[in-house]
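Report on the structure
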Amino acid sequence: MQIDIEYLTKSYQSLQVIDIKALSIPQGQAFGLVGNNGAGKTTLFRLILDLVKTDSGSIISGGVDVSESESWKFHTGSYLGEEFLIPFLTAEEYFHFIGRTYQLDDATVEERYRDYESFFSGEVLGQQKFIRDFSTGNKRKIGIVAALIVEPEVLILDEPFANLDPTSQQRLVDILVNLKGDRSPTLLISSHDLSNVTSVCDRIAVLELGDIVMDVDTGADTLDKLESYFFN
Amino acid sequence: MAAAARYSSTHSFFLGGFAVQLTTIGAFLPTIMRTVMPGADPIQVINAALPFYFVFDFFIRLLLQKFPSVLLLAYLALPLRRRFLVGYILGKWHIDFLNLIFISMFVAFAISAFDEFGIGVSWLLLVLAVVLLNGLLVLNIKGLLQDGYRFLGPAGLSLLYCTGILFSELRWNFVSGMLDGLVSGETLFLLMAVVVLAFAYAVSCWTLVGVTYRLSFAERQRLSRIAPPGGAGERWPELAFEWRQMWRNKRVRTVILIQSFMPMMIVYSQIIALASSSSPWSDIMLGGLLTLAFMPVFVLGGFSFATESSYFDRISSIPVDWNKFLWQKFRIISIWIPFFFLLYCPLILVRSDIIYFLISYALFAIGVSTPMILWRATWSKTHFDIGGHSLFNYQGMSTAPFRIEILGMVPISFPPILIIPFALVGLTYIGLLVIGGCGLVSLAFYKRWLCLLQAGIAKRKYERLEGFRQMG
């Protein structure tokens, strides 16, 4: 599904946090969003998920204005943070809850989340523990997998590599890269980890104070360009 | 287009002709009556006949006037304010053939029959009020039928028939008396008509808002179903999901258990003390005490909505059917009511009429209080972490986490207040009937208030999301 953003603005009080004139993410593209804290990455994702009201402009996901219809939700998987988790459920119950809202049967859901057992490193499934009692890294894994099991056409992940151990980070990179090969969902990832985001994404945009100041297709020198942008 | 224009012109010609005939009849009716019935007052004759006309008018409207759902659907697609749309539909509803009869015939009659201008105008306004009331009554009935309350048609007609048979004499006398009273200058009746009409308009607006929301949601859901993957639909998981959220928290569990059983001591001991007394005041006391029996329901209501404040972002970004979501919330609160009913049933051994109190209070709690809790919850935008807050440590805490409980308890004060005037005039049972009846009537309209609550959730979605996030 293609995502088109036009003349999008969002302010909190007098502070403008998003001001994007035009942004188009074609079907199947892995789009990375990088930027310093407060650049507006999470706000942009919340706007795309219709969790925040836009001041002006439009966001079209798969031909549908996200604030006008709910049809895009059937095709969209997302994880933006802990507020996407349900604290008093076990991980398995949470996966089944998400699966049911997308009308997936329990067997399919189980089959799908078991595919990610190596990513969980044996610390999540069968633990009989509520999500609230998991470590921050494992909570993130649960959230990411819940977004993946619905096999969405648009996958939105905010800081997916944060709080993950190096092994899990590499496994997540592999999962996301393989995803591009298998189903080619449109992938939107925000991250501070320039190396991982460069490994996964076909295109990377730099957001600064709500505005896209750099938008490049990933190539051999992209990581150097980004490092030079942020470190100099 | 040509056919439509021809029809329109023929239609107008026919109506115009009919209006001329009716105006003529209205204008000459007093003269005809004075000739045919010498000595009779034409106004009193017409007044005596008017109730029959009103009933006829009502049934004709019921058969002929169509609810403007097609019109509503067409306008819902346009960027119009809902308030404007409701006003427009109400206005259009009154531009009707049956109202033409009124204007043509009755205005002409009033001009011809009344000597005093003021009384003539008052009489006309009163009759107009009843005619408009008929129209609004039909609009409401048709609106409910639109919402799938198919049983209301036959049930309403049966009720009307029964009341007509039982109270026909009384009713005729009342309406005729009102009209005669007005003729003799008692403008109080006119005031009454205006009040009733204002109330009818308010109810009609409510009905139309409900129907427009339902239609727009139906339209949105239809659009949502255009291309779901694998035929997926919207839903909200089962009741057990809601239970887990509450019951798995030790603090919540403790509060629920304490709140459930603690009032028993007070209620049982006080009612046993009151058993021998039978006065209006003992009924009022009983009404107040039994309120405590259903109080825990409201604590449960507060918790039920507190849970979602932690993950409202999640449920707002997945395909959730908010109607089913609310229905589960309603169920989780209301299924406790029979439990509390049974808990206090042994009191019947102490005083047998307690059963009537329990039944009416339980019906009120299910039908009125629970929807009110749900309605209040749609305004809630304060994050309430039931896992994090120390519910028993009041030191250094703001009152914010408790507001949901305190406001949730407001509806419980209604039954004991309602019972007071009835108990004071010795009609406690009628009061209980009214309280229980309110619950039953509200339950009959559950689809309507679910739609309105759903609209409330959609309307305040962003501010609630913002609020939950800020406090999180």
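Nothing here was measured: the structure is a model prediction, and the numbers come from that model.

What counts and how
- Residues numbered from 1 in each chain as written.
- Chains lettered and ligands numbered in written order.
- Predicted model: local features only at pLDDT ≥ 70, side-chain atom pairs only at ≥ 80, totals over all residues.
- Heavy atoms only, no water.
- Helix = DSSP H or I, 4+ residues; strand = E, 2+ residues; numbered from the N terminus.
- Contact = heavy atoms within 4.5 Å.
- Areas by Shrake-Rupley, 256 points an atom, 1.4 Å probe, with all protein chains shown as cover.
- Patch = residues over 30% accessible without salt bridge, like charges linked within 9 Å, V, L, I, M, F, W, Y side chains within 5 Å.
- Salt bridge = Lys/Arg side-chain N within 4 Å of Asp/Glu carboxyl O.
- Phe/Tyr/Trp six-rings, centres within 6.5 Å; stacked < 30°, edge-to-face > 60°.
- Buried < 20%, exposed > 50% of the residue type's maximum accessible area, 1.4 Å probe, protein only.
- Lys NZ or Arg CZ within 6 Å of the ring centre and 35° of its normal.
- pLDDT = per-residue confidence, 0-100.
- Core = buried A, V, L, I, M, F, W, Y, C linked by side-chain atoms within 4.5 Å.
- Pairing = 2+ DSSP bridges.
- Axes fitted to C-alpha atoms, helices over the stretch in contact; angles between N-to-C directions.
- Parallel < 35°, antiparallel > 145°, perpendicular 65-115°, else oblique.
- Nonpolar A, V, L, I, M, F, W, Y, C, P; charged D, E, K, R; others polar.

For the rest of this paragraph, the subject is the overall build of chain B. Within chain B, the regular secondary structure consists of 21 helices and 0 strands. Within chain B, residue pairs in contact and separated by at least 24 positions form 83% of the contacts whose partners lie at least 6 positions apart. Entry remark: accessible area of chain B is about 23,000 Å², with carbon and sulfur atoms responsible for 72%.

The next thing to look at is a nonpolar patch on the surface. All names here are of chain B. Taken together, Trp 281, Ile 420, Leu 424, Val 425, Leu 427, Ile 430, Leu 433 and Val 434 make up a surface patch of nonpolar side chains, about 770 Å² in accessible area. Among the elements of the structure, helix H18 (414–424) and helix H19 (428–444) are those that each provide at least two residues to the nonpolar patch. Tallying contributions element by element places H19 first for the nonpolar patch, with 3 residues. If you trace the backbone, Ile 430 turns up in helix H19.

Time to look at the packing of aromatic side chains. Taken as a whole, this structure holds 20 aromatic pairs over all chains when the rule is applied. Judged by centre distance (5.1 Å) and plane angle (85°), the ring pair of Tyr229(A) and Phe230(A) falls under edge-to-face. Under the relative-accessibility criterion, Tyr229(A) is labelled partly exposed at 27%. Seen from their ring centres, Trp336(B) and Phe340(B) are 5.7 Å apart, and the 25° between their planes marks the pair as stacked. Here Trp336(B) and its partner Phe340(B) are both found in helix H15 (residues 336–344), 4 residues apart, which amounts to about one turn of the helix. When its relative accessible area of 11% is taken as the criterion, Trp336(B) is described as buried. You can call Phe340(B) buried: its relative accessible area is 0%. An aromatic cluster is built from Tyr94(A), Phe95(A), Tyr113(A), Phe119(A) and Phe120(A), whose rings are joined through pairwise contacts. Lys141(A) extends its terminal NZ or CZ atom over the ring of Phe119(A), reaching a point 5.7 Å from the ring centre. Positioned above the aromatic ring of Phe312(B), the side-chain terminus of Arg464(B) is 4.7 Å from the ring centre.

Before going further, it helps to spend a moment on the confidence of the model for chain B. Residues and elements named next belong to chain B. Overall, the prediction assigns chain B a mean pLDDT of 73, with 70% of residues at 70 or greater. In this model, residues 164–171 is a region of pLDDT below 50 whose contacts with residues beyond four sequence positions or in other chains number 3 contacts. Contacts for the low-pLDDT stretch residues 222–235, under 50 throughout, to residues beyond four places or in other chains number 32 contacts. Reported confidences for the modelled complex are a pTM of 0.66 and an ipTM of 0.88.

Glancing now at the nonpolar core. If you look at the biggest cluster of nonpolar residues, it comprises 145 residues, and the most contacted ones within it are Tyr94(A), Phe95(A), Leu176(A) and Leu290(B). At 12 residues, the largest contribution of residues to this core is made by helix H16 (residues 354–377) of chain B. The residues touching Phe95(A), leaving out its near neighbours within four places in the chain, are Val109(A), Tyr113(A), Phe120(A), Leu125(A), Ile142(A), Val145(A), Ala146(A) and Ile149(A). Of all hydrophobic cores here, the second largest spans 21 residues; its members include Met33(B), Met105(B), Phe109(B) and Val131(B).

Moving on, we get to the environment of Tyr12(A). As for its placement among the helices and strands, Tyr12(A) is situated in strand S1 (residues 3–12). It is 9.7 Å that separates the C-alpha atoms of Tyr12(A) and Asp55(A), two residues lying 43 residues apart in sequence. Setting aside anything within four residues of it in sequence, one finds Tyr12(A) in contact with Val17(A), Thr43(A), Val52(A) and Glu466(B).

Sheets are built from strands paired through backbone hydrogen bonds, the pairs being either parallel or antiparallel. Residue and element names in this part refer to chain A. Reading across the sheet, the 6 strands line up as S6-S7-S8-S3-S9-S10 and stay open at both edges, with mixed pairing between neighbours. Both edges of this open sheet fall to strand S6 (76–79) and strand S10 (211–217), since each of them pairs with a single strand only. Pairs of neighbouring strands in the sheet enclose a mean axial angle of 15°, with direction left out of account. Pairing of strand S7 (residues 154–158) with strand S8 (residues 186–190), which is carried by 5 bridges, proceeds in the parallel orientation. Residue Leu 157 lies in a different strand from S8, and its bridge partner there is Ile 189. Across the sheet, helix H5 (residues 136–148) is in contact with S6 and S7; its angle to S6 comes to roughly 175°.

All names here are of chain A. A sheet is described by the order of its strands in space; here 4 strands give the open sequence S2-S1-S4-S5, paired in antiparallel fashion. Only two strands of the sheet have a single partner each, and these edge strands are strand S2 (15–25) and strand S5 (64–65). Bridge analysis of S1 against S2 gives 9 bridges, and the strand direction is antiparallel. Directly across from Tyr 12, in S2, lies its bridge partner Leu 15.

All names here are of chain A. The element S8 is largely enclosed, with a buried count of 5 among its 5 residues. Burial along S8 is two-sided: Thr 186, Leu 188 and Ser 190 and Leu 187 and Ile 189, pointing in opposite directions, are all buried. The sheet contact formed by strand S3 (residues 30–34) and S8 spans 4 bridges and is parallel. Within S8, the position partnered with Gly 32 by the bridge is Ile 189.

Let us look at the packing of H16(B) against H18(B). Angle between the axes and distance between the axes are the two parameters that describe a pair of packed helices. All names here are of chain B. With their axes 10 Å apart at the nearest point, H16 and H18 run at an angle of 130° to one another. The pairing of H16 with H18 is recorded here as oblique in orientation. Of the residues in H18, those in contact with Phe 357, Tyr 361, Phe 364 and Met 372 of H16 are Phe 414, Pro 415, Pro 416, Leu 418 and Ile 419. Looking at the contact of H16 with H18, its residues break down into 9 nonpolar, no polar and no charged.

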